[in-house]
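# Breakdown of the fold
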Amino acid sequence: MAHPVLDADPMIHVSDLSLSYPAHAGGREFEAVEGVTFAVARGEIVALLGESGSGKSTLARYLAGRGREAGEKSARIKHTGGSASVFDVPLRRLGRRAASRLTAYVGYLAQDAGATLTPELNVGDILFEPIVERSKHFDRDALGERIAEMMDIVALPLAKLQEYPYELSKGQRQRVAVMRALMLDPTLLIADEPTLGVDANNRPKIVELLRWYRERTNAGMLLISHDIGMLEALVQDVIVLQQGRTVGHGDINEIFRHADHGYVQRLAQALRATAYDEIAEE
Ligand SMILES: Nc1ncnc2c1ncn2[C@@H]1O[C@H](COP(=O)(O)OP(=O)(O)OP(=O)(O)O)[C@@H](O)[C@H]1O
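From a predicted model like this one, the values you see are computed outputs, not experimental measurements. (Residues numbered from 1 in each chain as written. Predicted model: local features only at pLDDT ≥ 70, side-chain atom pairs only at ≥ 80, totals over all residues.)

### A word on the overall build of the protein
Applied cut-off: Think of it this way: any DSSP run of H or I at least four residues long counts as a helix, any run of E at least two long counts as a strand, and we number them from the N terminus. All radius of gyration figures rest on C-alpha atoms, and the globule criterion is 2.2 Å times the number of residues raised to 0.38. Here the contact rule is simple: place C-beta atoms from the backbone, and any two residues whose C-beta atoms are within 7 Å are in contact.
Looking only at helices and strands, the protein has nine helices and ten strands in total. Against the 2.2 N^0.38 benchmark of 19 Å for 282 residues, the protein shows a C-alpha radius of gyration of 19 Å, consistent with a compact globule. Seen along its three principal axes, the alpha-carbon backbone of the protein occupies a region of about 50 × 50 × 40 Å. Here the contacts in the protein between residues at least 6 apart in sequence split such that 70% fall between residues at least 24 apart.

Here is the structure:
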């Protein structure tokens, strides 16, 4: 069984990758990602962009080693072509044990993760949960200090540690979810829309948290985000998907300035317009 090589460079290597959802409810197998090629170098932050339904979440979940984790069979991702590896571990036919070995190092923030926090746990327990699940022996004081530092960065008062998800706003829940994804010190973070549902004033706090984490650990990141503030602060390379295929790939400024694909041009315009709207709001 392949063991994760944590200093592998690139961290993520994807070549001509195709991913499908199985046929269900009388429908056909659906190819969500088609022939995608890219790499994320060690310590690099790359963004995946593209309109709704372009395959971003499918690709992110698969690369996070969670492709077969979905409860329903119909949501399990099938590797139908090409290759993908993370920390030199090939993802095709990844067994359960190999997956759990890999996911110990790959943090994953699912889309809308703030909405799926365990309702019966308070924020403190939600943050400790991944650690407790891994081992009963940990330095509670050191972790407590780290949690306090993260709470400060995302501007959540410490009193919130005692509150339950239903007592928090949507944006507060999302901030807790992002903190939780960092608790196991992932060497690679794959995050699906980390600032989604967070108001414009609080989005920079999530950006700040990711920047802080990255400075501490030099972790690599694959971010799905259309948040222009986040892209500008953290990202250099972007991959643009449309209907499962790559339609742009390269330096963010180059891609947006010299976009030769109509969709990328429209996306760049839309992102600029969003940024201006936000400035106008403030
Ligand atoms: N469980 C599933 N079964 C069949 N098709 C699916 C399933 N989940 C997603 N799809 C389809 O796969 C395609 C890619 O979906 P995906 O969620 O990866 O796109 P996305 O770019 O992340 O979109 P969004 O920005 O809306 O999250 C879509 O056409 C979607 O309808």
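Next comes the rest of the write-up.
### A few points about the site of the ligand
Let me state the cut-off plainly: The C-beta atom of each residue is placed using the backbone, and any residue whose C-beta lies within 6 Å of a molecule or strand is treated as near it. As a working rule, the residues Ala, Val, Leu, Ile, Met, Phe, Trp, Tyr, Cys and Pro are called nonpolar, Asp, Glu, Lys and Arg charged, and the rest polar, with Gly in that last group.
Near the ligand there are 14 residues, and of these Tyr 21, Ala 32, Ser 52, Ser 57 and Thr 58 occur at the shortest range. Of all the secondary structure elements, the ones that give two or more residues to the shell around the ligand are strand S2 (30-40) and helix H1 (56-63). With three residues, the top contributor of residues to the shell around the ligand is H1. Residue composition of the shell around the ligand, grouped by class: four nonpolar, nine polar and one charged.

### Some remarks on the pairing of strand S9 (residues 237-242)
Put simply, the test is: Two strands qualify as a pair provided DSSP detects at least 2 bridges between them.
With five bridges joining them, strand S3 (residues 45-50) and S9 adopt parallel strand pairing. In the strand pairing of S9, Ala 47 is matched with Val 238. Inspection of the sheet shows S9 paired to strand S10 (residues 245-251) by six bridges, in the antiparallel sense. When the sheet's bridge partners are listed, Ile 239 is paired in S10 with His 249. Taking the residues that link successive antiparallel strands as the turn, the S9-S10 hairpin has two residues, and the phi of Gln 243 there is positive, at about 45°.

### A few points about the sheet that holds S9
Convention followed: Note on method: axes are straight lines fitted to C-alpha atoms, helices fitted across the in-contact stretch only, with angles between N-to-C directions ranging 0 to 180 degrees.
Strand order in the open sheet formed by six strands is S6-S7-S8-S3-S9-S10, with mixed pairing between adjacent strands. Each of the sheet's edge strands pairs with one partner strand only, and the pair in question is strand S6 (106-109) and S10. Taking each pair of neighbouring strands and ignoring which way they run, the sheet shows an average axis angle of 15°. Helix-sheet contacts for H1 involve S3, strand S7 (188-192), strand S8 (220-224) and S9, and the interaxial angle to S8 is about 155°.

### Here we look at the sheet that holds strand S5 (residues 89-90)
Pairing within the open sheet is antiparallel, and its four strands lie in the order S2-S1-S4-S5. Unpaired on one side and paired on the other, S2 and S5 mark the two borders of the sheet. With seven bridges connecting them, strand S1 (residues 12-21) and S2 associate as antiparallel partners. From the neighbouring strand, Ser 20 faces S2, where its bridge partner is Glu 31.

### Here we look at the pairing of S8
The criterion, for reference: Three exposure classes are used, based on other C-beta atoms lying within 10 Å of a residue's own C-beta, which is placed from the backbone: buried for 20 or more, exposed for 12 or fewer, and partly exposed in between.
In terms of burial, S8 is largely enclosed, as five of its five residues are buried. Where burial is concerned, the two faces of S8 agree: the one with Gly 220, Leu 222 and Ile 224 and the one with Met 221 and Leu 223 are both buried. The pairing of S3 with S8 spans four bridges and is parallel. Looking across to S8, one finds that Ile 45 is bridged to Met 221.

### Structural notes on the nonpolar core
Applied cut-off: Think of a nonpolar core as buried Ala, Val, Leu, Ile, Met, Phe, Trp, Tyr and Cys residues, each tied to the set through C-beta atoms within 7 Å.
In this structure, Leu 48, Leu 63, Val 86, Ile 190, Leu 222 and Val 240 are the most contacted members of the largest nonpolar core, which totals 73 residues. Per-element tally for this core: the top contributor is helix H5 (residues 170-182), with six residues. In this structure Leu 63 touches Ile 12, Ala 84, Val 86, Ile 190 and Leu 222, once residues within four positions along its chain are discounted.

### Here's the deal with unusual backbone geometry
Omega for the bond connecting Asp 9 with Pro 10 falls within 30 degrees of zero, at 0°, which places this linkage in the cis form. The residue Pro 10 is located in the segment before S1 in this model. Of note in this structure, Ala 155 is not a glycine but carries a positive phi near 60°. Looking at the secondary structure, you find Ala 155 in the loop between helix H4 (140-153) and H5. Residues other than glycine seldom take positive phi values, yet Gln 243 does so here, at roughly 45°. Taking the number of C-beta atoms within 10 Å as the measure of exposure, Gln 243 has 15 and is therefore partly exposed.

### Considerations on H1
For H1, the tally of buried residues reaches seven of eight residues, placing the bulk of the element in the interior. The complete set of buried residues in H1 reads Lys 56, Thr 58, Leu 59, Ala 60, Arg 61, Tyr 62 and Leu 63. Gly 65 sits one or two positions beyond H1 and adopts a positive phi of about 80°.

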